[in-house]
Amino acid sequence: LILLDSLLQESQRYLTFMMVSQELLLMFSILVTSLMLFLTVYFMITLSDLESDFINSLDCSARLNRWTIPRLVFMVTHSLLLVAQYSWVMLLVSLPFTIWLVYSRLKVKQGDSGLYDPTEIHIRENLRGAIKESLGYMGYHMASFFVYMWLLVSLMSMDTDNPGVSSRGR
C-alpha cells in the first residue's frame, strides 16, 4: 500500500512537471516563432528594397546570407520544440518549411556566396521567387504564433478541478 501511494505521488509530481514544462515549451515556441517572424519581415523589407533599387544586389545578398544560418537554426530548434511538446500535427505542418530551408542551404554550391547569390538575385524570376518564399514563411510564422498563443492561453486557463470551465468563470 505504501509503495502504491509513493508511485501515485511520483506520477502526480511527474504530471505537475509536465504541465509546467508544457507551458514553458509553449512560451519558448512563441519566442522562437516571433524571432523567425521578425527575421522574415527583415527578409521581405530587404528584398523589396532590392526590387525598388534602394540597395544593390551585393548588399542585399550580404544582408540576407548573414541571417540564413541563424534562420536555419531557429527553424530546426522550432521543429525540435514541437517534438518535445508531442505536437505531431504542428510538426507535420512545420517539417516542409524546415526541410525546404535545409534543402535550399545544402543545394548551395561550394564557392558561392550563400543562399542568395548577388549575380542571380537580381534576375526578376529569382527575385519574385525569393519574395514569394518569404511571404510563405511569413504566413506560416504568423499562423504558428497565433496558434501557440491560443494553446498557451487555453492551457493556462484550464482549471484542475473542472477542466471544461476556466477559473475566471466562477
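Analysis parameters
Residues numbered from 1 in each chain as written. Predicted model: local features only at pLDDT ≥ 70, side-chain atom pairs only at ≥ 80, totals over all residues. Heavy atoms only, no water. Patch = residues over 30% accessible without salt bridge, like charges linked within 9 Å, V, L, I, M, F, W, Y side chains within 5 Å. Areas by Shrake-Rupley, 256 points an atom, 1.4 Å probe, with all protein chains shown as cover. Salt bridge = Lys/Arg side-chain N within 4 Å of Asp/Glu carboxyl O. Helix = DSSP H or I, 4+ residues; strand = E, 2+ residues; numbered from the N terminus. Core = buried A, V, L, I, M, F, W, Y, C linked by side-chain atoms within 4.5 Å. Buried < 20%, exposed > 50% of the residue type's maximum accessible area, 1.4 Å probe, protein only. Contact = heavy atoms within 4.5 Å. Phe/Tyr/Trp six-rings, centres within 6.5 Å; stacked < 30°, edge-to-face > 60°. Lys NZ or Arg CZ within 6 Å of the ring centre and 35° of its normal. Axes fitted to C-alpha atoms, helices over the stretch in contact; angles between N-to-C directions. Parallel < 35°, antiparallel > 145°, perpendicular 65-115°, else oblique. Left-handed = near helix turned anticlockwise from the far one by under 90°. Nonpolar A, V, L, I, M, F, W, Y, C, P; charged D, E, K, R; others polar. pLDDT = per-residue confidence, 0-100.

## Points about a nonpolar patch on the surface
Judged by side-chain polarity, Leu24, Met27 and Met156 come together as a nonpolar surface patch covering roughly 300 Å² of accessible area. Tracing the backbone through its elements, the reader meets Met156 in helix 5 (residues 124-157).

## Remarks on the nonpolar core
Note on soluble globular proteins: their nonpolar side chains tend to be buried together. Grouped together as the largest cluster of nonpolar side chains are 15 residues, with contacts concentrated most on Leu47, Leu50, Cys60, Leu64, Tyr116, Ile121 and Leu127. Contributing elements (two or more residues each) for this core: helix 1 (2-51), helix 2 (57-66) and helix 5. Among the elements that make up this core, the one with the highest residue count is helix 1 (six residues). Setting aside residues no more than four positions away along its own chain, Leu50 makes contact with Ile55, Asn56, Ser57, Cys60, Ile121, His122 and Leu127.

## Brief notes about the packing of aromatic side chains
Under the defined criterion, the tally for this structure stands at six aromatic pairs. Among the aromatic residues, ring-to-ring pairing joins Phe97, Tyr137 and Tyr140 into one connected group. The lysine or arginine in question, Arg71, covers the ring of Phe43, its NZ or CZ lying 4.6 Å from the ring centre. Lying across the ring of Tyr137, Arg71 places its NZ or CZ 4.4 Å from the centre.

## Examining the packing of helix 3 (residues 68-84) against helix 4 (residues 88-106)
Two elements in contact, helix 3 and helix 4, have axes whose closest approach is 9 Å; the angle formed by their N-to-C orientations is 155°. In terms of orientation, helix 3 lies roughly antiparallel with respect to helix 4. In terms of crossing hand, the pair formed by helix 3 and helix 4 is left-handed. The segment helix 3 lies against helix 4, with Thr68, Ile69, Arg71, Leu72, Met75, Val76, His78, Ser79, Leu82 and Val83 engaging Trp88, Met90, Leu91, Ser94, Leu95, Phe97, Thr98, Leu101, Val102 and Arg105. Partitioning the contact of helix 3 with helix 4 into residue classes produces 13 nonpolar, five polar and two charged.

## Section: the pattern of salt bridges
A complete count under the given rule lists one salt bridge for this structure. With a closest N to O distance of 2.5 Å, Arg128 and Glu51 form a salt bridge. With Arg128 in helix 5 and Glu51 in helix 1, the pair connects residues that are 77 residues apart, well separated along the chain.

## As for the confidence of the model for the protein chain
Looking at the protein chain as a whole, the pLDDT averages 82, with 81% of positions reaching at least 70. When the criterion is pLDDT under 50, residues 165-170 qualifies, and its contacts beyond four places in sequence or with other chains add up to eight contacts.

## Remarks on unusual backbone geometry
Leaving glycine out, the prevailing phi sign among residues is negative, and the prevailing peptide bond configuration is trans. Located in the positive-phi region is Asp53, a residue other than glycine, with phi close to 60°. Of note, Asp53 is situated in the loop between helix 1 and helix 2. Not every positive phi belongs to a glycine, and Tyr86 is a case in point at roughly 60°. Relative to the helices and strands, Tyr86 resides in the loop between helix 3 and helix 4.

## Some details on the environment of Val73
Within the secondary structure, Val73 sits in helix 3. Along the backbone, Val73 and Val102 are 29 residues apart, and their C-alpha atoms lie at a distance of 9.7 Å.

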